[in-house]
Amino acid sequence: MQKVKLPKQLDPIKNAQKGAKYEGIMLSRDMGRLVEAVTDVADDIDIKAMFDIDAQGLAFFQGSLSTSVKLVCQRCNEIYEQAISTDFCFSPYSSSQNIDDLPDVYEPVEVNDHGEINLVELFEDELMLSLPIVAMHPEEDCKVSANEMTFGKIEPAVEQPNPFAVLKELKQNQE
Ligand SMILES: [Zn+2]
């Protein structure tokens, strides 16, 4: 099945009034910052987005993004593939609007002078935020085991706690 390409830019209010639903892709090559941030990225970003008006009359759109990137493992220096996915829920507003009362479930996104938002940039930002802070294989797949990590550049994420230190802490908390 031919995958539908999502519009790069659209009017979120109009789409909300229509109750528009999109299921398709964007091309990762349109997302230069994402391409730069990773070793490689799959050609397609899979996207689901639905636009609607809520009970309060606020326009919003929510959905999910997913793709796959290649990163360099910071533990063994080998390239590995990592699936990334994220959910979003935005409410569009214009610069003249007060967004202090916007319910917390919505992330505000400002429309431009034409009442449109740049979906490519918005979704690229979301994907950048969902990249791991420290790229690493799952431990079982990594060439470098946690034991060998002692001399590595990065400390193991989970250090074996000294059982006595834990006891000491417990005792201090009780005092
Ligand atoms: Zn690794």
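Residues numbered from 1 in each chain as written. Predicted model: local features only at pLDDT ≥ 70, side-chain atom pairs only at ≥ 80, totals over all residues.

**A few points about the overall build of the protein chain**
If you tally the helices and strands in the protein chain, you get 4 helices and 8 strands. Traced from its N-terminal end to its C-terminal end, the protein chain shows the element sequence β-α-β-α-β-β-β-β-β-β-α-α. Expressed as a percentage of the 175 residues in the protein chain, the buried residues total 19%. Across the protein chain, every contact between residues at least 6 apart in sequence was considered, and the portion connecting residues at least 24 apart equals 54%. (Helix = DSSP H or I, 4+ residues; strand = E, 2+ residues; numbered from the N terminus. Buried ≥ 20, exposed ≤ 12 C-beta atoms within 10 Å, placed from the backbone. Contact = placed C-beta atoms within 7 Å.)

**Some details on the environment of Y106**
Secondary-structure assignment places Y106 in the loop between β6 (79-93) and β7 (107-110). Y106 sits 18 residues away from F88 along the chain, and the two C-alpha atoms are 8.6 Å apart. Ignoring sequence-local partners within four residues, the contact set of Y106 consists of F60, C89, F90 and S91.

**Comments concerning unusual backbone geometry**
Glycine aside, negative phi is the norm for most residues, and most peptide bonds take the trans geometry. The phi angle at N77 is positive, at roughly 65°, despite the residue not being glycine. Within the element layout of this structure, N77 appears in the loop between β5 (59-72) and β6. According to the C-beta neighbour criterion, N77 is exposed, with 10 such atoms within 10 Å.

**With respect to the pairing of strand β4 (residues 44-53)**
Where strand β2 (residues 21-27) meets β4, 7 bridges bridge the pair, whose relative direction is antiparallel. Bridge assignment links I25 to a residue of β4, and that residue is D46. Pairing geometry for β4 and β5, over 8 bridges, is antiparallel. Bridge pairing in β5 places F51 opposite F61. Count of turn residues in the β4/β5 antiparallel hairpin: 5 residues, of which G57 carries a positive phi of about 85°. (Pairing = 2+ DSSP bridges.)

Any functional reading would require information beyond the geometric quantities listed.
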